[in-house]
Amino acid sequence: AVVSTQSTGGFPIRYIGRTRSVMGFYLLASVTFLLALIPLNFSSTFTLEQLSCLIGSMLVSAAFAAIYLFSVELSPTSHRGKMLGYCSSAARIGSFCGPQAALLFSWNKTATLILFTVLAASAGCLCYRLPDTKGVQTPSTAAEVQQRKDGVTAGTTENKYAA
């Protein structure tokens, strides 16, 4: 499921931009985790909970792949390795929490699904303030990042990153 999601997740990233894609992945994941709370059985072995959790997991995996691409594009060349290291460290912390979430799920499914819903919705909302890097040249120096932040891009005073 993860491989298929990461291979098809590139389509929205390429055509609607990084910020909107990541926001969409996270917000749709939060909706699917909410849908998993509805007790509906399709058959004796297949439930809405299973389907929703699978789709939510696929969407979070797509967002994870997009975040790696996005974080590298946001940082200048001189800081890119360090930023990727920070992202990798944060991912390791998240992977430590994964088994604990499985324990919580066996204890209380509703609490786990609400936790996943809140985390995915929060991540999606936090992505709103990030600049989109679609069609923008990757910065080479920290000074270029500061110029973009201040609104000076290619000799103009137009700030295409302002919210």
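Quick summary incoming for the structure in this document. Just so it is clear, the model here is predicted, and its values are computed rather than measured.

### A closer look at the overall build of the protein chain
Helices and strands together make up the secondary structure of the protein chain, namely seven helices and zero strands. Along the protein chain, helices and strands appear, N-terminal first, in the series α-α-α-α-α-α-α. Relative to its 163 residues, the protein chain shows a buried fraction of 28%. Partitioning the contacts of the protein chain with sequence separation of at least 6, the portion at a separation of at least 24 is 69%.

### Section: the nonpolar core
Counting 14 residues, the largest nonpolar core has Val22, Phe25, Tyr26, Ala29 and Cys127 as its most contacted members. Elements that contribute at least two residues to this core include exactly helix 3 (18–35), helix 4 (48–74) and helix 6 (109–126).

### Looking at the state of the cysteines
Think of a disulfide as a covalent bridge from one cysteine sulfur atom to another cysteine sulfur atom. Applying the stated criterion to the full structure yields zero disulfides. Here Cys125 is not cross-linked by a disulfide; its sulfur's nearest cysteine counterpart is in Cys127, at 9.1 Å.

### Observations concerning the side chain of Ser52
Note on placement: Ser52 falls in helix 4. Since its relative accessible area comes to 4%, Ser52 is described here as buried. Other than its neighbours up to four places away in sequence, Ser52 contacts Thr32, Leu35 and Ala36.

### Some remarks on the pattern of salt bridges
The final tally for this structure, using the stated rule, is one salt bridge. Measuring nitrogen to oxygen at the nearest pair gives 3.6 Å for the salt bridge that ties Lys109 to Glu49. With Lys109 in helix 6 and Glu49 in helix 4, the pair connects residues that are 60 residues apart, well separated along the chain.

### Points about helix 6
The end-to-end C-alpha separation of helix 6 is 26 Å, in line with the 26 Å expected for 18 residues at 1.5 Å each. Every buried residue belonging to helix 6 is among Thr112, Leu113, Thr117, Ala120 and Gly124, and all of these are buried. The buried residues of helix 6 occupy an angular sector of 135 degrees when the element is viewed end-on, so they sit on one face. In this structure, helix 6 carries Cys125 and Leu126 as exposed residues pointing more than 90 degrees from its buried face. Summarising the contacts, the buried residues of helix 6 are in contact with helix 3, helix 4 and helix 5 (80–107). Its side-chain oxygen 3.3 Å from the backbone nitrogen of Thr110, Asn108 forms the N-cap of helix 6.

The rules behind these values
- Residues numbered from 1 in each chain as written.
- Predicted model: local features only at pLDDT ≥ 70, side-chain atom pairs only at ≥ 80, totals over all residues.
- Heavy atoms only, no water.
- Helix = DSSP H or I, 4+ residues; strand = E, 2+ residues; numbered from the N terminus.
- Buried < 20%, exposed > 50% of the residue type's maximum accessible area, 1.4 Å probe, protein only.
- Contact = heavy atoms within 4.5 Å.
- Core = buried A, V, L, I, M, F, W, Y, C linked by side-chain atoms within 4.5 Å.
- Disulfide = S-S within 2.5 Å.
- Salt bridge = Lys/Arg side-chain N within 4 Å of Asp/Glu carboxyl O.
- Expected span 1.5 Å × (residues − 1).
- Arc of directions from axis to C-beta.
- Polar contact = N/O pair within 3.5 Å; in protein donor to acceptor, adjacent residues only side chain to side chain.

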